[in-house]
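# Residue-level structural notes
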Amino acid sequence: MENVSGTFQAGDYVVFALLFVVSSGIGVFFAIKEWKKESSQDFLVGGRQMSCGPVALSLTASFMSAVTVIGAPSDVYRYGASYIIFGIAYTFVVFLTAEVFLPVFYRSGITSTYEYLELRFCKAARVAATLIYIVQTILYTGVVVYAPALALNQVTGFDLWGSIFATGIVCTFYCTLGGLKAVVWTDAFQMVVMVVGFLTVLIQGSIRAGGIESVWRTSHAGGRLQVFDFDVDPLRRHTFWTLSIGGTFTWLGVYGVNQSTIQRCISCKTESHARWALYLNLLGLWIILFCAVVSGLIMYAFYSTCDPWRAGHISAPDQVMPYFVMEVLGGFPGLPGLFVACAFSGTLSTVAASINALATVMYEDFVSQCFTGLSNRAANWISKALCVVFGVACTTMAVGASYMGGIVQAALSIHGICGGPMLGLFSLGILFPVTNLKGAIGGLITGISLSFWVGVGSFIYPASSNNTHPLELNTAGCNFSMTADGSNQTLLTISTPTPDRPWLADSWYSMSYLYFSAVGFIGTVAAGLLITLLAGPSDPKKMKPGLTRSLRDVFCFCSKGFINADLSQDKEDLADFGDAWETHPGVQDEDQEEAIKMDKFNGRSDIPPINGYTNAGFDHKEMSQDQAKL
């Protein structure tokens, strides 16, 4: 087998360049169309008038990034098709996001997710959570910028860092010009490119591998179809439990309380549109996941007798997918370029969403708090400047991503380490009305400490192959003679613990990376409730209305009121929340002052009413009536 790198043709460059041209053109279009709308809210949340269709495509494209396009098939190639169990986790995540977290955020009328923490606890909690989110997002974005740049480097010989900087420049350009509307509609276009690119690889790859039956037969013989492993050992990398339970915690931190997701949901014109966007996005997640898993199986069937990694044609397992594409599509001008455009589509959508979300939280949580009374024009220009700043930061971070190992594990580890404690903090506020300020802060510190401890430890002391269980890769069909070097390559799949490894290295640090988020979540919630109990729980009756969500709210489809409700009347329903809170009957004087402060906070002059009403809370005496309507 010969190395197939560097075989891009003119047609490939044209197809690839069109992706950048169209993406930039969408940014320019919305910059011209929205020129007279100077409000920062139009720029950051699209005037809260988006519909569910493009938002659903945007959500899917953003979180099914190049990590999925390149990393997921490579993961299936090495470890098997158990990756498909992520589909179960996606289902739980979308349901919990739509029914638990979204209603609270949407009805509060906030722009930054972390505004909720100030309303529920205090400003310190808001600032701490915002800083954690900024660090998490910049780290994650660095990984997803590096991944397609690596692919382009492998298949075309392009300079790796030149590709990274080109990605950052284009994303920053259309995000800065067009704001959230440009991000959403560009994501929708890029989602289509991702699906077409995947289908091209699936069709031609299966033909070259001998057909679907041959792929299935070869994958079964190679152990790639052993999907359901019910081993409860938390040290195992991928089992049914790590993928379904650990995956739920990991992705719920991404979807349920992540600014990038919630920002696009609250940009929808109604709450029903926001819910539909999430559920339609679930369908997109399943489609992309299926394509990624089947691509991995096709790659294994094609290379079942000569693995290019152990044969020395590539230097890392994450390079198998682009190498495979050049081998099976290299004879068709334009198709290799389509795949690279597919990978870059995932990256462009993720990076643009991250830049827009980072600019939003920085403006809402810091700039607007420090400089009050800014005009709409000044706020708009500051938001654009922040897009540029974070575009540079995310692009620079990509340089360090080359040292993070496998791109799938690196990306999800970042989400788990930071996302788990954040999920725990918001859960304390929304699901546990008794939680007080001391419990929230103490829980967050505990959760962050635990998740960083296990995450950093696993990076320093990688788990042995006894826990990761990579499957066998064969080189018997390669056109070379195995030498001493070839024997050493076999050791790539065997990791023997060295004597100087601490005892934690093969226990605590060897935990599956998918449990990092669960560790942070459990640590945050457990410590938060314990500290709350010791310090004295808060009185739920004095809680600011609309800031919590009960199990009855979540499973209200069991109630008669939900069955008979007209879900098209979002405006009237949410208006009732605002009307109920306006009067504040039965609230004590000090609570009355806090309520008025919250009203003023939610009713700032720079935030226009949503569909003609303000999203406020409701009085506890009227809670049952409003819940019955919902």
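Here is a short report on the structure shown in this document. (Residues numbered from 1 in each chain as written. Predicted model: local features only at pLDDT ≥ 70, side-chain atom pairs only at ≥ 80, totals over all residues. Heavy atoms only, no water.)

### Some words on the overall build of the protein chain
- Secondary structure summary: the protein chain contains 25 helices and zero strands in total.
- With the model as given, the accessible surface of the protein chain reaches about 24000 Å², and the carbon-plus-sulfur share is 66%. (Helix = DSSP H or I, 4+ residues; strand = E, 2+ residues; numbered from the N terminus. Areas by Shrake-Rupley, 256 points an atom, 1.4 Å probe, with all protein chains shown as cover.)

### Observations regarding the packing of helix α8 (residues 160-208) against helix α12 (residues 271-302)
- Close contact between α8 and α12 brings their axes to 10 Å; oriented N to C, the two are set at 30°. As summarised for this structure, α8 and α12 are arranged roughly parallel, according to the angle between their axes. The handedness of the crossing between α8 and α12 is left-handed. Between α8, through M191, V195, F198, V201, L202, G205, S206 and R208, and α12, the contact on the second element is made entirely by G284, I288, C291, A292, V294, S295, I298 and F302.
- Among the residues making up the contact of α8 with α12, the classes are represented as eleven nonpolar, four polar and one charged. (Axes fitted to C-alpha atoms, helices over the stretch in contact; angles between N-to-C directions. Parallel < 35°, antiparallel > 145°, perpendicular 65-115°, else oblique. Left-handed = near helix turned anticlockwise from the far one by under 90°. Contact = heavy atoms within 4.5 Å. Nonpolar A, V, L, I, M, F, W, Y, C, P; charged D, E, K, R; others polar.)

### A closer look at the state of the cysteines
- One pass over the full model with this rule turns up one disulfide.
- Here C306 engages in a disulfide with C478; their sulfurs sit 1.9 Å apart. For the disulfide bridge between C306 and C478, the dihedral angle about the S-S bond is near 110°, and by the sign convention the bridge is right-handed. Separated by 172 residues along the polypeptide, C306 in the loop between α12 and α13 (320-329) and C478 in the loop between α18 (465-468) and α19 (484-490) bring together distant segments of the chain. Neither residue differs from the other here; C306 and C478 are each classed as buried. (Disulfide = S-S within 2.5 Å. Buried < 20%, exposed > 50% of the residue type's maximum accessible area, 1.4 Å probe, protein only.)

### Some remarks on the pattern of salt bridges
- According to the stated counting rule, one finds nine salt bridges in the structure shown.
- Between R107 and E271 there is a salt bridge; the shortest N-O distance is 2.9 Å. Here E271 lies in helix α12 and R107 lies in helix α5 (residues 86-108), a separation of 164 residues in the sequence. E271 matches R107 in its accessibility class, with the two residues each being buried.
- Between R236 and D229 there is a salt bridge, with the nearest N and O atoms lying 2.4 Å from each other. (Salt bridge = Lys/Arg side-chain N within 4 Å of Asp/Glu carboxyl O.)

### Here's the deal with empty space enclosed by the protein
- All chains considered together, the criterion is met by five cavities of 30 Å³ or more.
- Empty space within the largest cavity amounts to approximately 100 Å³.
- Forming the walls of the largest cavity are 13 residues, and the residues nearest its centre are F63, Y140, N258, S260 and S354.
- Of all the elements in the fold, those that place two or more residues in the lining of the largest cavity are α3 (52-63), α7 (123-156), α11 (259-266) and α14 (335-370).
- Per-element accounting of the lining of the largest cavity gives the leading share, four residues, to α7.
- When grouped by side-chain class, the residues that make up the lining of the largest cavity number four nonpolar, eight polar and one charged. (1 Å grid on protein atoms, 1.4 Å probe; cavity = no way out; pocket = protein on both sides within 12 Å on 5 of 7 lines; lining within 4 Å. Points joined across faces, edges and corners; volume = space filled by probe spheres on them.)

So, to be careful, I would describe these as geometric facts and stop short of saying anything about function.
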